[in-house]
Amino acid sequence: MKVLAGSASVRLGKRTAKSLGVEPIDRDFTRFPDGEGYLRLQDEPEEITILIQCAYPDENIMELFLMQDAIREGGGKMIITVIPYMGYSRQDKLFKEGEAVSARALVKHLELHTDALIFVDLHSKKILDFASKKAIECSAMPPIAAYFRDKDIDFVLSPDKGAVDRAGKVAKLMGKQFDYLEKTRLDGSTVKMAPKNLDVDGKSVLIVDDIIATGGTIIKATEQLKASGAERVMAACTHGLYTSNALERLEPALDGVYSTDTLESGTSKITVADQIASAVKDIVSEL
Ligand code: R5P
């Protein structure tokens, strides 16, 4: 078994290879003057190749297809494609007639040249149903809980109902108080939170979500926490997407913003490599 990581997942690829105790495959990836990618593997693939690359943004998706093709061309028999961050997850159904179901379109293409898919904290579970090959999801909540275990957190908050299971898991693993807020999304970058009396006076709070995109959700939740007397507010997410200069607004408003290495940035202090390695072992043991 070997690990091949794409440009979007270099560090996570190395960490996963280390966790599995296998070698990474070296590759040459460059761009032609017109922007098209060129890929060449510098090592031969083994019987099983673990391919790790985010399906976001579009150029990384194309790079992923080139890697799948090169593995097959090089004689690799089995490909397990790991998608640390799955793009297009929010368009998982028709909202208006005539639209594409983008998440389904992407899954259908991702699985064309793979034997199994591994995702991390999917925004929509429907993605697993779109796949016709073996597809599993692993959770970043255990490493998030482990990271904050010695950081004096008193209270864990889910900023909306959608994140209750995930944030609740972190609270349970840490043995901390837990609550959630009710969020309404007004548009792509604006959210509204129903006021709620939270038992956080003088406490240190960790907000846990799957994605931080514009940061609007975390900013609104922080306002509520501060209004309820929270002394310290930190936020942790699996996928630090940080669109619209989110970090510039979040960092001054909070006492710390953290993410995992599914999307690599300065906040990626937590790794999901062991979760991916364990999912890989589960799949391989079933084959
Ligand atoms: C929503 O359902 C997700 O769990 C996140 O809360 C959302 O994607 C965060 O987006 P933003 O940072 O733009 O508020």
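Here is a short report on the structure shown in this document. (Residues numbered from 1 in each chain as written. Predicted model: local features only at pLDDT ≥ 70, side-chain atom pairs only at ≥ 80, totals over all residues. Heavy atoms only, no water.)

What follows is about the overall build of the chain. Across its full length, the chain carries nine helices and 16 strands. Against the globule reference of 19 Å for 287 residues, the chain gives a C-alpha radius of gyration of 20 Å, in line with a compact fold. Here the chain, with 287 residues, has 52% of them falling under the buried criterion. Put simply, of all contacts in the chain between residues at least 6 apart along the chain, 61% involve residues at least 24 apart. In the structure as shown, the chain presents an accessible area of about 13,300 Å², 48% of it carried by carbon and sulfur atoms. One way to put it: in the chain the 37 positive side-chain charges average out to a point 3 Å from where the 44 negative ones average out. (Helix = DSSP H or I, 4+ residues; strand = E, 2+ residues; numbered from the N terminus. Rg over C-alpha atoms; globule rule 2.2 N^0.38 Å. Buried < 20%, exposed > 50% of the residue type's maximum accessible area, 1.4 Å probe, protein only. Contact = heavy atoms within 4.5 Å. Areas by Shrake-Rupley, 256 points an atom, 1.4 Å probe, with all protein chains shown as cover. Lys, Arg positive; Asp, Glu negative; His and termini not counted. Charge placed at Lys NZ, Arg CZ, Asp CG, Glu CD.)

Taken together, 14 residues lie around the ligand, and D209, D210, T214, G215 and T217 are the ones closest in. In the environment of the ligand, an oxygen atom lies 3.2 Å from a nitrogen or oxygen atom belonging to the side chain of R185. At a separation of 2.8 Å, an oxygen atom of the ligand approaches a polar backbone atom of A213. Computed on the free molecule, the ligand has an accessible area of 380 Å², of which 90% lies beneath the protein chains in the complex. (Near = heavy atom within 4 Å. Polar contact = N/O pair within 3.5 Å; in protein donor to acceptor, adjacent residues only side chain to side chain.)

We now examine the nonpolar core. I50, I80, F148 and V170 are the most contacted members of the largest nonpolar core, which has 39 residues in total. Element by element, the count of residues in this core is highest for helix α9 (residues 273–286), at six residues. In this structure, I50 is in contact with M1, K2, V3, L4, L20, I80, V82 and V280, ignoring residues within four places of it in sequence. The next biggest cluster of nonpolar side chains, apart from the first, holds 27 residues, and it includes L39, L64, V101 and F119. (Core = buried A, V, L, I, M, F, W, Y, C linked by side-chain atoms within 4.5 Å.)

Pairing within the open sheet is parallel, and its six strands lie in the order β2-β1-β5-β6-β7-β8. Unpaired on one side and paired on the other, β2 (23–24) and β8 (134–138) mark the two borders of the sheet. The strands that helix α1 (residues 10–20) touches are β1 (2–5), β2 and β5 (48–52); relative to β1, the one it contacts most, it runs at about 170 degrees. (Pairing = 2+ DSSP bridges. Axes fitted to C-alpha atoms, helices over the stretch in contact; angles between N-to-C directions.)

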